[in-house]
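# An overview of the molecular structure
Here is what each chain is made of, one letter per residue.
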Amino acid sequence: MKRIVTAREMRACEEKARAYGLCEDVMIESAAAEMFRALEKRIKKSELTAVFAGSGNNAADGLSLARIMHLNGYRTEVVAVGENRNKYASDRLMAYIALGGKVVGLETAKLRADGYGFVVDALFGIGLSRAAEGEYLEAVRLMNSCGAYVISVDIASGLGSDDGTVRGEAVKADLTVTFAAYKYGHFLGEGANYSGKVVLADMGIAVDVGAILTEKSVPKLGARKKVSHKGTYGRVRIIGGSATMPGAPLIAAESAMRAGAGLTSLCHAASLPDAYRKRVKEATLMPLADDNGDIRCDAAALGEIMRGADAIAVGMGMGKNPEIINIIEYLAHNFDGVLVVDADGLNALVSRLDILDGHKCRLVLTPHRGEFYRLFGECKESEIVSCVAKAAKELDAVVVCKSNTTVIADKSEVYLNASGSPAMSKGGSGDALAGAIAALSCRMGALCGAARAAYDFGVAGERAAEALGENAVLASDVIARLDTKR
């Protein structure tokens, strides 16, 4: 599994590694060797690579890389930044010089910067706690302005390892090669804007803590059996819509079907038949009693919806309907399948979370950041993962906190999903994800279903953006590109 850890968790894993024989020198050399493997097909021998090295262990990694590159025929020079290097960095700088490597100062680098094809950022590591100053700040600015392809060692210098906040100014990397585990700062806050593509290098350190990255870590949806029927693949009910937002449950239903649900039923206000009859082909319709488009809480009707259902998604496009809270309460305590509460369903739960106490269903809440803060209170960026995990544990639920990096947690496990595109910042995206979660939860369970749906939906968004451009993508374009084979 690909793990994401805090700086403290990473140091604890390194301490365990030292206990079974991986001393600091071995870890530094392993990191440099793995980084060289990641870079040798990206960096051209004919172009000059400048390694900007600070004074700590991150610099030692970069200096070992410079030595390996030099010995393998790459054009390199080290830009030595700052003084008082620790023993590991100092020894590697001397080894590089002894082998004929070239070292320049920052002022010389400024004069030569136009000639750099690649720069390696080895100034600061995961322990950074304050903004760069003086010569270090000048180095950050030079790397960002020289026009070269920028590679950061472990994490972009100036970026907070635990929260992705920028400490003053930060290196804007095209590629980050990180070691043993991803760091939260690669994904949270502004991390995605500064990390570029993040490559994980294995250096022999066991990591069994932290969150799990959805990519390649969530099980794939199993193949459909030749001998099967629609009931084999889950029956999903979508409850939603109102006079002003009839399209939201349509989007959720279409997404559930595209994500593989065997049978999807759209449960809508009976007074709005024209909003659905001509637009629904594959799903079945279940009209519900309503008041001017606001669905009523009717125990008999909800009982019919629950009968035979594996998953129910509720809340999309329901507005400020006062009956939502009663509908959710009834379903939560009487339904034994997966209940996905989204959008206006979440708004109804603000200050009313107590109605979920002792719920019978397998509960999934899908708030975006603003909804999460309204439900559970605001928290710092560095605390968002622990806050989501705490909320999931207290509610005995799966909580899917949506953002550019989505945090998915139940009472025992946490996933982070980083797939997706800014093109998905459109109305309807959340409705579509809720439908996909409902469908996949039927076959994979609530946690894996939510994590898999988030990843697959993000990839579909990336494909849609590539095909149509980031501004033109609609939720329906993303749904059309859902592919659960990945």
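Here we summarise the structure given alongside this text. (Residues numbered from 1 in each chain as written. Predicted model: local features only at pLDDT ≥ 70, side-chain atom pairs only at ≥ 80, totals over all residues. Heavy atoms only, no water.)

Here we come to the layout of surface pockets. Size it by volume and the largest pocket reaches roughly 1,300 Å³. The wall of the largest pocket is formed by 49 residues, among which Asn404, Ala418, Ser419, Gly420 and Ser421 lie closest to the centre. Secondary-structure elements contributing two or more residues to the lining of the largest pocket are helix H7 (191–195), strand S9 (197–201), helix H14 (429–444) and helix H15 (446–468). Examining the composition of the lining of the largest pocket, we find that six residues originate from one element, H15, more than from any other. (1 Å grid on protein atoms, 1.4 Å probe; cavity = no way out; pocket = protein on both sides within 12 Å on 5 of 7 lines; lining within 4 Å. Points joined across faces, edges and corners; volume = space filled by probe spheres on them. Helix = DSSP H or I, 4+ residues; strand = E, 2+ residues; numbered from the N terminus.)

Locating Asp410 in the fold gives a position in the loop between strand S20 (406–409) and strand S21 (414–417). Here Asp410 is buried and forms no salt bridge, its nearest opposite-charge partner Lys411 lying at an N-O distance of 7.5 Å. A polar contact is formed between the side chain of Asp410 and the backbone nitrogen of Ser412, at a distance of 2.9 Å. Only 2.8 Å separates the side chain of Asp410 from the backbone nitrogen of Glu413, close enough to count as a polar contact. (Buried < 20%, exposed > 50% of the residue type's maximum accessible area, 1.4 Å probe, protein only. Lys, Arg positive; Asp, Glu negative; His and termini not counted. Salt bridge = Lys/Arg side-chain N within 4 Å of Asp/Glu carboxyl O. Polar contact = N/O pair within 3.5 Å; in protein donor to acceptor, adjacent residues only side chain to side chain.)

Time to look at the nonpolar core. The biggest cluster of nonpolar side chains holds 86 residues, and the ones touching the most others in it are Ile239, Ile312, Leu339, Val341, Leu349, Leu356 and Ile408. Sort the elements by how many residues they give to this core and H15 lands first, with 10 residues. Ignoring sequence-local partners within four residues, the contact set of Leu356 consists of Ile328, Ala332, His333, Leu349, Leu363 and Leu395. The next biggest cluster of nonpolar side chains, apart from the first, holds 76 residues, and it includes Val5, Ile28, Ala89 and Val199. (Core = buried A, V, L, I, M, F, W, Y, C linked by side-chain atoms within 4.5 Å. Contact = heavy atoms within 4.5 Å.)

Take helix H4 (residues 87–98) next. End to end, H4 covers 16 Å across 12 residues, agreeing with the expected 16 Å (1.5 Å per residue, within 8%). All of the buried residues in H4 are Ala89, Arg92, Leu93 and Tyr96. Looking straight down H4, one finds its buried side chains confined to an arc of 105°; they lie on one side. Facing away from the buried surface of H4 by more than 90 degrees, the exposed residues are Lys87, Met94 and Ala98. Looking at the buried side of H4, the elements it contacts are helix H2 (24–39), helix H3 (57–71), strand S3 (76–80) and strand S4 (102–104). Sitting at the head of H4, Asn86 places a side-chain oxygen 3.1 Å from the backbone nitrogen of Tyr88. (Expected span 1.5 Å × (residues − 1). Arc of directions from axis to C-beta.)

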